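Close look at the chain arrangement
The chain contents come next:
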Amino acid sequence: QVQLVESGGGLVQAGGSLGLSCAASERTFNSDDMGWFRQAPGKEREFVAAIRSGGRTYYADSVKGRFTISRANAKNTVYLQMNSLKPDDTAVYYCAAGPVSSIISSAYQYWGQGTQVSVSS
């Protein structure tokens with residue numbers, strides 16, 4: 001069973017930056033593609049960014065130009081750099097892995113426990 005562990009969440013002021021990382025316990029054909037989702041209190045989980053095993057990336061319109069998803073040389077690790085953070089970015093951020101990159105959460109088989117990102121005014 002693939003396990004994902006997120007790290008890097010915290011509390012920052014609006015306009016600040018934060019970096020999240022996600023390490024998978026192993027790489028299989030079911031976990032080659034990885035993504036980030038987030039869920040704020042009282043709201044549905046939403047897509048943030050995804051990266052295919054070959055490196056192609058996808059972003060939600062709300063974060064384009066501010067967030068960057070990337071892979072380390074060890075491709076079972078994914079990173080999310082978040083710049084120009086806004087209070088609306090406050091949420092629990094979840095790392096996910098699956099056989100294909102998708103904006104649909106159900107496409108991902110494996111999920112981390114989540115890490116809290118809080119952005120103050």
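Computed from a predicted model, the values in this text were never measured in an experiment.

What follows concerns the overall build of the protein. Of the regular secondary structure elements, the protein holds zero helices and 11 strands. Secondary structure elements of the protein occur, N-terminal to C-terminal, as β-β-β-β-β-β-β-β-β-β-β. Relative to a compact globule of 121 residues, whose C-alpha radius of gyration would be 14 Å, the protein shows 13 Å and is just as compact. Expressed as lengths along the three principal axes of its C-alpha atoms, the size of the protein is roughly 40 × 30 × 25 Å. For the protein, buried positions account for 41% of its 121 residues. Contacts spanning at least 24 positions in sequence make up 58% of the contacts within the protein whose residues lie at least 6 apart.

As for its placement among the helices and strands, C22 is situated in strand β3 (residues 18-24). C22 sits 92 residues away from G114 along the chain, and the two C-alpha atoms are 9.8 Å apart. In this structure, C22 is in contact with L4, V5, E6, M34, W36, N76, T77, V78 and C95, ignoring residues within four places of it in sequence.

Take the state of the cysteines next. The full count for this structure, using the stated rule, is one disulfide. One disulfide bridge connects C22 with C95, the sulfur atoms lying 2.0 Å from each other. Given an S-S torsion of about -80 degrees, the disulfide between C22 and C95 has left-handed geometry. In this pair, C22 sits in strand β3 while C95 sits in strand β9 (residues 91-98), placing the two residues 73 residues apart along the sequence. Just as C22 is buried, C95 falls in that class too.

The rules behind each value
- Residues numbered from 1 in each chain as written.
- Predicted model: local features only at pLDDT ≥ 70, side-chain atom pairs only at ≥ 80, totals over all residues.
- Heavy atoms only, no water.
- Helix = DSSP H or I, 4+ residues; strand = E, 2+ residues; numbered from the N terminus.
- Rg over C-alpha atoms; globule rule 2.2 N^0.38 Å.
- Buried < 20%, exposed > 50% of the residue type's maximum accessible area, 1.4 Å probe, protein only.
- Contact = heavy atoms within 4.5 Å.
- Disulfide = S-S within 2.5 Å.

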